[in-house]
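If you want the building blocks of each chain, they are given just below.
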Amino acid sequence: MHRASVWIFLAHLCITSFALYRGENYREDLRVQPLRDGRVSTTFSFVTVLESAVPRNPNALGQLDESQHYALFPLTLGQILREYAITELHLTLNAGKWNYDNWGHPHEAGVGTGAELWAWMGASEVTTVDERWSGLRNALSGLFCASLGSLDSRRTLSPTVAFPLSGSTPTFSPHELRHASLPSENVCTENLTPFLKLLPCKSHAGLAALLNPQKVFDADWHGMGVHVTWKEDTGVELKLTLQAVFNPVRTSTGKRRDWNLQLLFDRSIEQSCPVASSSSITVVLPDGKDYQITPENPVHVDGLAIYDLSSSPNFTIPSNIAMYWPSEHSFQYPLPPLTPVTPLSVKRTIHGTTQTRGVLSVSVTNNSPQEISTGYLEMMPALLTLWMHTLKVEINSQIRSDLLSGLKYHPPSPQSNDRPSPSMLQAVLRIPPKTTLKISMEVSKAFLKYTEHPPDAMRGWDLPGAVFFPLPQSSHDTSLSYNWERIYTPTLLVDLPTPDFSMPYNVIILSCTLMTLIFGSVFNLLTRKWVVMEIQE
């Protein structure tokens, strides 16, 4: 602890003065929200801004880049962004299934299961976008200890409508999008450790000191994200996020939903990060007045209780923010049926009785009293082929093809490296109020070579989830417009035609048994000498 204090003091002396010269800004925030099912959603946000900085021009990649001196911005990530001339980058690593109906929309939209990476890059005459995309994947794979190198051309697409630029667009060249996902990627401590190293104070001080791997990875859902955007009026912004949904009812002996920071993370904040311009904890206050929150007298803004770690006189470090319900003996789960929190509810399944064909079904329910228009995106690897002539849009078992428009489908196609590209289906759906719309289409499953199957071939293959995204509102659009971002459906597990990998084992066992019997018998006949022995009584 003494060494950590000395390190932070030296960093405060050196980094603060250099940050003022360089024009860098760092702030951090923790958002805690109690949910209606007794769980607690937490979102850490660590934002570093390079003021007046601009992305590298991709046409200058063949030239020597200018020196980059960072004080708060992580050097390892900054070098990758400059090396491959990245304008915007988004990387998420998640584990679990986000429950939109009970938890609502997440604070950060990227909650798809597994790994998801997408980046906007300017076109260049020096190197192609695909070459820089390959280098970016491998560099991030080494930085975060993740299997991002496997996001090759078999998983890469360009869904520009569903994943637009979040920041400003540079004018030096037209930009292209590359997107890939790996739903089978697992998240562990090996990913969290390099994530924390990107922070100015690491995990020694500030809000990051709460990030206990044993508690974070024990949550019902957890995920981390790296988001780099460029805004013309501010500069390059790096936003590191970590989200987790805890279940205090499960870990409490009395089955209560009371929580505090020490209970959730098994750690406390000993001191604030000295280089942070702002550091705050925001608690979303639940409905009703039967709860109590400590410390008392926080700053209340629109149903939020805000604690300022850096300047608030009523917040002392170390401290422990807590919320409890004194009138509750034990938490009573809401009885079904429950009204979904979000206006849209999505269910997606794949079913069939054979290993060669099946049916993909998507059910979208509009819970609001107004019509909703939404984009629908399917990104399928070449493991499955969607048959568009079997596409059906139904409401109450009646065909409603008029509710689907803007249909675009790119089937899988062979590439120069003999690897088929993934397929992409994109459409616009109009969902009437208080109605469930069902989409179904037949699919055929690929027949792979035995060398292309994973070691656990009998488990099946993970398919990425579908994405529902908002559409730009036009002046004549009368559908419901509410503040929401992308919705990810859970991943699917598909069973492909799989050979009997136990046959080689059976053949080896049978062959060895026969060889042993034959060789043993012949060896005995050739080496043994039969003689008559007289037994004397």
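Counting restarts for each chain: residues are numbered from 1 in the order of the written sequence. Local features in a predicted model are, by the rule used here, given only for residues with pLDDT of at least 70; side-chain atom pairs are given and counted only at 80 or more, and totals for whole chains, interfaces and linings are based on all residues. To obtain the side-chain values, all non-hydrogen atoms of the structure were included, while hydrogens and water were left out.

Broken down by element type, the protein carries nine helices and 26 strands. Think of it in three bands: residues with accessible area under 20% of the maximum for their type are buried, residues over 50% are exposed, and the middle band is partly exposed, with areas taken using a 1.4 Å probe on protein chains only. For the protein, the proportion of its 537 residues judged to be buried stands at 48%. Of the roughly 27,300 Å² of accessible surface on the protein, a fraction of 55% belongs to carbon and sulfur atoms. One way to put it: in the protein the 41 positive side-chain charges average out to a point 4 Å from where the 48 negative ones average out. A run of H or I in DSSP counts as a helix once it spans at least four residues, and a run of E counts as a strand once it spans at least two, with each numbered from the N terminus. Accessible areas in this description were obtained via Shrake-Rupley with a 1.4 Å probe; residue shielding takes into account the shown protein chains only. Counted as positive: Lys and Arg. Counted as negative: Asp and Glu. His and the chain ends are not counted at all. For the purpose of locating charges, the reference atoms are NZ of Lys, CZ of Arg, CG of Asp and CD of Glu.

The next point concerns helix α2 (residues 75-83). Where α2 is concerned, the buried positions are Leu77, Gly78, Ile80, Leu81 and Arg82. We call two residues contacting when some pair of their heavy atoms lies within 4.5 Å. For α2, the secondary structure elements touched by its buried residues are β3 (86-95), α4 (129-144), β6 (221-231) and β7 (235-246). Downstream of α2 by one or two residues, Ala85 has phi in the positive range, about 50°.

To continue, consider the sheet that holds strand β9 (residues 278-284). Any two strands are treated as partners once DSSP identifies two or more bridges connecting them. With respect to topology, ten strands assemble into an open sheet ordered β5-β4-β3-β6-β7-β2-β1-β9-β12-β11, the strand pairing being mixed. Strands with a single pairing partner mark the edges of an open sheet, and in this sheet they are β5 (175-182) and β11 (299-301). Taken over all neighbouring pairs, the strand axes of this sheet differ in orientation by 15° on average, direction set aside. With three bridges joining them, β11 and strand β12 (residues 304-308) adopt antiparallel strand pairing. Bridge assignment links Val299 to a residue of β12, and that residue is Ile306. A fitted line through C-alpha atoms represents every axis, and for helices the fit uses only the stretch in contact; the resulting angles, taken between N-to-C directions, go from 0 to 180 degrees. Packed on one face of the sheet, α4 meets β3, β4 (114-122), β5 and β6 and runs near 140° to β4.

Each nonpolar core is a collection of buried residues, namely Ala, Val, Leu, Ile, Met, Phe, Trp, Tyr and Cys, held together in the definition by side-chain atoms within 4.5 Å. Judged by nonpolar contacts, the single largest core of 77 residues is most densely connected at Leu89, Leu140 and Trp259. Judged by nonpolar contacts, the second largest core, of 52 residues, contains Leu377, Val393, Ala427 and Phe469.

The subject of this paragraph is the state of the cysteines. Note on disulfides: each one is a pair of cysteine sulfur atoms within 2.5 Å. Scanning all chains against the criterion turns up one disulfide. Note that Cys201 is cross-linked by a disulfide to Cys273, the S-S spacing being 2.0 Å. Its torsion about the S-S bond being 75°, the disulfide of Cys201 and Cys273 is classed as right-handed. Of this pair, Cys201 sits in the loop between α5 (189-197) and α6 (213-216) while Cys273 sits in the loop between α8 (261-265) and β9, placing them 72 residues apart in sequence. The burial state of Cys201 is the same as that of Cys273; both residues are buried. In this structure Cys145 is a free cysteine whose sulfur lies 8.2 Å from that of Cys188, the closest cysteine sulfur available. By relative accessible area, which is 42% here, Cys145 ends up partly exposed. Take Cys188: its relative accessible area is 31%, and that puts it in the partly exposed class.

On to the pairing of strand β18 (residues 392-395). Where a strand is regular, its side chains alternate between the two sheet faces. Of the two faces of β18, only the one carrying Val393 and Ile395 is buried; Lys392 and Glu394 on the other face are not. As paired elements, β18 and strand β22 (residues 435-445) share three bridges and run antiparallel to each other. When the bridges of β22 are listed, Glu394 appears paired with Lys438. By the bridge criterion, two bridges tie β18 to strand β19 (residues 398-399) in an arrangement that is antiparallel. Within β19, the residue paired with Glu394 across the bridge is Ile399. Between β18 and β19, which pair antiparallel in sequence order, lie two residues; one of them, Asn396, sits at a positive phi of approximately 55°.

This part takes up the side chain of Glu108. Summarising the element assignment, Glu108 is placed in the loop between α3 (100-103) and β4. Overall, the relative accessible area of 12% leaves Glu108 in the buried class. We call two N or O atoms a polar contact when they sit within 3.5 Å, provided that within protein one can donate a hydrogen and the other can accept it, with sequence-adjacent residues counted only if both atoms are side-chain atoms. Here the side chain of Glu108 touches Lys239 through a polar contact of 2.7 Å, side chain to side chain. With sequence-adjacent residues up to four places away left out, Glu108 is seen in contact with His227, Lys239, Thr241 and Gln243.

This paragraph deals with the environment of Asp130. Relative to the elements of secondary structure, Asp130 occurs in helix α4. Residue Asp130 is classed as partly exposed on the basis of its relative accessible area of 47%. Taking the C-alpha atoms as reference points, Asp130 and Asp152, separated by 22 residues in sequence, lie 9.7 Å from one another.

This brings us to the pairing of β4. Within β4, nine of the nine residues are buried, which leaves it mostly tucked inside the rest of the structure. Sheet analysis places β4 next to β5, joined by eight bridges and oriented antiparallel. Along β5, the bridge assignment pairs Glu116 with Ser181.

This part takes up the sheet that holds strand β20 (residues 404-410). Within a beta sheet, neighbouring strands are joined by backbone hydrogen bonds and run either parallel or antiparallel to one another. Overall, antiparallel pairing links the five strands, which are arranged β20-β21-β16-β24-β25 in an open sheet. Strands with a single pairing partner mark the edges of an open sheet, and in this sheet they are β20 and β25 (487-488). In this sheet, β25 lies alongside strand β24 (residues 467-470) in antiparallel orientation, the contact comprising two bridges. Paired with Phe468 across the two strands is Ile487, which belongs to β25.

What follows covers the confidence of the model for the protein. Every residue carries a pLDDT, the predictor's confidence in it, which falls somewhere between 0 and 100. In the predicted model, the protein carries a mean pLDDT of 89, and the fraction of residues at 70 or more is 92%. Here residues 6-21 is a poorly scored stretch, pLDDT under 50, and it has 21 contacts once near neighbours within four places are set aside; other chains count.

Moving on: the packing of α2 against α4. At a closest axis distance of 10 Å, the pairing of α2 and α4 adopts a crossing angle of 175°. Considering the angle they form, α2 stands roughly antiparallel to α4. Residues Thr76, Leu77 and Ile80 of α2 lie in contact with α4, whose contacting residues are Leu136, Ala139, Leu140 and Leu143. Taken together, the residues of the contact of α2 with α4 sort by class into six nonpolar, one polar and no charged. By definition in this entry, angles of less than 35 degrees are roughly parallel, angles greater than 145 are roughly antiparallel, angles of 65 to 115 are roughly perpendicular, and the rest are oblique. Asp, Glu, Lys and Arg are counted as charged, while Ala, Val, Leu, Ile, Met, Phe, Trp, Tyr, Cys and Pro are counted as nonpolar; the rest, among them Gly, fall into the polar class.

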